[in-house]
Amino acid sequence: MPLDTSTYHLSHALLRLDGRRWNELRRLHAQISTQASADGSSYLEMGNTKVICTVSGPGEVRGGGGGGRKEGLERENAIVNAEVSIAGFSGVERRKKGIGGGGGGGKGDRRTMEKIQNVIAAAFTDIVFTHLYPHSTIVITVHILSSDGSILAASLNAATLALIDAGVPMKDYVVACTSGLTPPAADIGEGDASDPLLDLRGGGGGELRFWGGGGGGGGERVCVCVMESRVRVERVEGMLAVGVDGCKQVREILDGVVRAQGRRVVGSVVRQGGR
Amino acid sequence: MTSLKRSTADPYATNISSKVFVRSTKSGKVQKIVRELYLRQDIPCSSRLCSICLTNAPADANGFIAPFILSEKPAGTGNFPTGHYLVPDTNALLNGLDLFEQKTGFYDVIILQTVLEELRNRSLPLYNRVIGLTKSEDKHFYVFFNDFRLETYVVREHGETINDRNDRAVRRAVSWYGEHLQHSLKTSNKAKQCPAIVMLSDDKDNLRKAKAEKLSACSLSEYVSGLEDANRLLDMINASRQEQGSRTTIGQQLYPDYFSLSRMMTGIRAGTLHQGIFNVSPYNYLEGTVHVPAFDKSLLILGRENSNRAISGDVVVVEVLPKAQWKAPSTKIIEEDTLNKNENAETEEGATEAVVSEQERRALQEEVKKTHGNNIEGRPQPTARVVGVTKRNWRQYVGHIDSSSTSVATQGRRQQTVFLIPMDKRIPKIRLRTRQAEALFGKRVLVTIDSWDQESRYPIGHFVRSLGDLETKGAETEALLLEHDVQYRPFPKGVLDCLPQEGHDWSVPASLDDLGWKGRRDLRDLLVCSIDPVGCQDIDDALHARPLPNGNFEIGVHIADVSHFVKPNNAMDAEASIRGTTVYLVDKRIDMLPMLLGTDLCSLKPYVERYAFSVLWEISKDAEIINSAFTKSVIRSREAFSYEQAQLRIDDRAQKDDLTQGMRTLLMLSKKLKQKRMEAGALNLASPEVRVQTESETSDPVDVKTKELLDTNSLVEEFMLLANISVAGKNYEAFPQTALLRRHAAPPKSNFEELANQLKVKRGFSLRTESSKAVAESLDRCTDPKEPFFNTLVRIMATRCMMSAEYFCSGTQSYPEFRHYGLASEIYTHFTSPIRRYADLVAHRQLAAAIEYEQLDISLYSKARLEEVCKNINVRHRNAQMAGRASIEYYVGQALKGRVVDEEGFVMKVFSNGFVVFVPRFGIEGLIRLRDLATPEPESIFDAEEYVLRVSGSIKVKVELFQKVVVRISDVKEEFTGKRKIKLDLVKS
Ligand SMILES: [Zn+2]
């Protein structure tokens, strides 16, 4: 069994169980335009958390349930919807098929999914130039293939890429990562070294979770901030700083992916044009 | 669809590995965990010789870079003249950790992560000791995270065992350190010599491979042989594992096999096996009990075979024996040293003996023959046998070498085997291999148990160190501290650094605008005084009382404001939390906090201003509490009284000043408070308390006196109880989940069964036990007009039926469980002695937050952390009490040395072959065995129902429970052990 986090304090090394330091992201790998059939798509890995995202739209309001259509027609702006599903094999233990189908397990699971959907929808409603597409809808669909913490952050990042792929104009990237705190050492005499941590893994054992998402012009605007547990107020500033810093790193990586894709597209256009 | 294959240009690709492991959860499911592993190159070697690592050493969130640990010029030995760093593998630590803790050697040690993780799996106590070493500033132990460093990470090969992989990882790290340091020294162009990197291992295969790879490697004994003092050090290597592989002849199996872990788990889940802590009776080393959750009463474990190598304190799994094999608990005293003396320790290796010696077998047979009566003492009890040990709670043991256990006097380095007789009677003899047997005779010796194999009748251990000659004050005091796990080393520098810079010159700031005054009430004009035992230096508490215009009184209890000086989580706080309490021995005090605080800056000394934490009440004439308030304050005590002085002052009618009047008010109210408490059902229990008077210069004991209790003792006690109860309520209201409280559980009815029966049979009293009030009332009735001490004797015996009070965190119990049975209070905590108890310090911090004086430290919000604190202070509290008692016992023994005294005593317990007598004057109890009465041992008839032992033959006596006897107290030196003991002889029955 590996050493626990508090043990790593003693060497002042502050290494985490996976060898990362407090301020390091996991390996972030992303691809864009992974599914030709969709308007926009992406695949993103943050460590062992793996998600696929597709975007359809902006398009005509689909006949959803209830008075959705009518309401949509009257609106000046596009509506952003998000659908999130989690694969049965994504976690350590296989999920039981839930009542809701689609893989959502118990009540708690469904609630988590709903929360993630709402956060994604709200974030992008704010960032996408929705006024350009009156009476229409943009649907973001996220499939979580493998879950090892930070699934909301991974979903947001993947959605940003998929929206760019779909050519939806946005004010800026929405980039996200988690930050948390090392647990206060349960050992007596260990001192109270509660340090901020960036990019939390799943099942990390007692890490406090706080979720910071950032985006906007110059990359300094925080547009989403979700707290998953109670944190003492004087710790928040430190966690936020670490989270914003992490978001900057994420932005650079996503930007690199987008630009590489751009070059590839331009290249192929040029080649086709030359023929 | 585009391929999702990862691009090869991934910058991380070479540094990522993944770790796959399988774990099983509590519910029995098996999970496969996949974890990425990020390998890095910025993990420093931490050698002060290295300049490469210094440039890319990592910083934490506050920009702090850990200083490098390994010395620039490490010590050398004959084999490694240029100096060396040691790299032990796991079995080197398992076999010789005592060596690593030596002050004479073993500096600059690299502890590899691989080794540390393996050690943690093998032995948590050893792991904790290694962690302790890595924190010590002078030992230079560095934890190197080799599994995270790119160059030293080793992938387990197909078909390779985990052990082999780990050994390879150790060798890889050793080789990397060598190359890295040489490279680093070359690039820095410093003309320094590169220290050797020496691998220490007791695994032959690992050593062989290391040598093939041209690494410096040696076994522990090879390495130690090259050091000065080799003989002493060689003794410290674990005896059992050292000979791994070399021992080919397997001896006869003396003990049954343990069940497999899965079988035990299944059994426990099914309820057919039970788990609990193994306790050995102090009167009979062959009788143990295990309390398991499934039953109210403890299960009995009789005999060596059934206890199957469990040692008192171990967590064991037991199986209940068939009813036919149930036995009654012993009514007989059985001591190991009298049964098994003259055993030769060497003969064991012949492997021909049985577990039960002939003498033991005879003793057990007599047990069985014993008459089965109707009372509890005689009835067969559910009896069980140990089928496995889930956790060993072995510690280090103090004892002396049994000089009769070896016959051959040998010289030189030849090892011989001897027995160590532990001071703790519940621990079996320990077999030791030593090269210095003769030098150790007559010494107090500290040893460790290494193992207890099925082939060995006794556990096998090794020597740690000698404490000095038997019976010398230094050796005996240290032995006592070690036996009770009291931390007695001087406070390290880090702790002393937390003290105020001004030292003894510190004073309450003169200006009221000073930050120190913020939130404090100025109570300097109150007539406060303190009342303590004579010569008390650490004054925790002071009191005042003054009349209010409305006829009520204002009463104040002022407690030293220790939390002002000891901030949470600094080195001083950490040390205090580990010590948990101050330990009082007869001639020595082992402080929880440094002297400067305890006896000066915190102590509420008279005539000087001090910070205090005050509890103020308005109390009516009838001792009704009208209201209570809590505040940080500044006070100036007018006088520090001893109990006697205070009593004299109160009793002196001529004294009419306000201070004395205040004390009279306090006394008057305390009597009413006590009355109310008693009416509510508080118990007035007794424990034998004696005071040893010592000559001030030499601290040699002069006389022993029973403590005298004055009204002023009770005055202070009542108000301290009141303060504790008030604070408990306030803290619980503010922190319902995390208040630190103290509870005293009601004893299960069965605890009183025996005493109730004894009282009924012998004196016709009925002991009602349905509530503490009923107990209190029936104890009041247990009097003998002819014998005033009888009531005290019964109270002493009743006290032993009680549960012990314990600290707990409020979130872990429901409110009704908070109750303090003995004090008959719904809620209780400790607040009034923060100088000497850590619990009180925590309560101070919580109260300070509750009244919004300051913010509560985050650690006190954590239930887990508080539970940990409670667990520790509960143990420390108990140990401190036992150490104090043992110290008194030792001094009483010393005071009686060479004297013969006849004293009155009372029979407390009757066995079939002896009885226990309690001597009130000295607070001692001692055994008188039948064979002490006359030689040859007289005949006897034991009537278990009537608690009577009728001795006939060469001497005719009748001894019964509660009987008053006269005993002759003397001290004897047992010939073959060299141990001095108090001996009681019956003079008159
Ligand atoms: Zn280095």
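It should be noted that the structure appears before, not after, this text.
Quick caveat, the model's predicted, so the values are computed rather than measured.

Our focus in this paragraph is the pattern of salt bridges. Once the charged atoms of two side chains with opposite charge are near each other, the side chains can pair. Applying the stated rule across the entire model yields 60 salt bridges over all chains. With a shortest N-O distance of 3.2 Å, Arg 26 of chain A and Asp 199 of chain A are connected by a salt bridge. You can see Arg 26 of chain A sitting in the loop between helix H1 (5–9) and strand S1 (28–32) and its partner Asp 199 of chain A sitting in the loop between strand S7 (196–198) and strand S8 (208–215), a full 173 residues away along the chain. Residue class for Arg 26 of chain A comes out buried when judged on its relative accessible area of 1%. Two residues, Lys 209 of chain B and Asp 205 of chain B, come together in a salt bridge whose shortest N-O distance is 3.2 Å. Taken together, the positions of Lys 209 of chain B and Asp 205 of chain B, both in helix H6 (residues 204–212) and 4 residues apart, correspond to about one turn of that helix. Given the relative accessible area of 26%, Lys 209 of chain B is considered partly exposed. If you follow the salt bridges from partner to partner, you end up with Arg 20, Arg 26, Asp 148 and Asp 199 of chain A in one network.

Let's shift gears to the packing of aromatic side chains. Residue and element names in this part refer to chain B. Scanning all chains against the criterion turns up 22 aromatic pairs over all chains. Ring geometry for Tyr 255 versus Trp 452: centroids 5.8 Å apart, planes at 85°, classification edge-to-face. Here Tyr 255, found in the loop between helix H9 (239–242) and helix H10 (261–270), pairs with Trp 452, found in the loop between strand S16 (443–451) and strand S17 (460–469); they are 197 residues apart in sequence, far enough to count as distant. Trp 452 sits in the buried class, given a relative accessible area of 8%. Aromatic ring contacts, followed pair by pair, group Phe 100, Phe 106, Phe 141 and Tyr 223 into a single cluster. One residue, Arg 579, lies across the ring of Phe 491, its end atom 4.0 Å from the ring centre.

Below, the discussion takes up the coordination of the zinc ion. Residue and element names in this part refer to chain B. The protein atoms that coordinate the zinc ion are Cys 45 (SG), Cys 50 (SG), Cys 53 (SG) and His 180 (NE2), at distances of 1.9 to 2.3 Å. Because the angles between the 4 donor atoms bound to the zinc ion fall within 103 to 113°, the donor set is best described as tetrahedral. Sequence spacing among the residues donating to the zinc ion works out to C-x4-C-x2-C-x126-H. You can see Cys 45 sitting in the loop between strand S2 (30–38) and helix H1 (52–55) and its partner His 180 sitting in helix H5 (residues 162–188), a full 135 residues away along the chain.

Residues and elements named next belong to chain A. Here 5 strands make up an open sheet; going across it, the order is S1-S2-S3-S5-S4 and the pairing mixed. Pairing within the sheet leaves two strands with one partner each, and these edge strands are S1 and strand S4 (79–86). Going across the sheet, the axis of each strand differs from the next one's by a mean of 15°, ignoring polarity. Where helix H4 (residues 151–165) meets the sheet, its contacts fall on S1, strand S2 (40–46), strand S3 (49–60) and strand S5 (136–146), and the angle it forms with S2 comes to roughly 150°.

Rules used throughout
Residues numbered from 1 in each chain as written. Chains lettered and ligands numbered in written order. Predicted model: local features only at pLDDT ≥ 70, side-chain atom pairs only at ≥ 80, totals over all residues. Heavy atoms only, no water. Salt bridge = Lys/Arg side-chain N within 4 Å of Asp/Glu carboxyl O. Helix = DSSP H or I, 4+ residues; strand = E, 2+ residues; numbered from the N terminus. Buried < 20%, exposed > 50% of the residue type's maximum accessible area, 1.4 Å probe, protein only. Phe/Tyr/Trp six-rings, centres within 6.5 Å; stacked < 30°, edge-to-face > 60°. Lys NZ or Arg CZ within 6 Å of the ring centre and 35° of its normal. Donors = N, O, S within 2.8 Å, 3.2 Å for Na, K, Ca; no water. Tetrahedral: all angles 85-135°; square planar, octahedral: opposite > 155°, others 65-115°. Pairing = 2+ DSSP bridges. Axes fitted to C-alpha atoms, helices over the stretch in contact; angles between N-to-C directions. Contact = heavy atoms within 4.5 Å.

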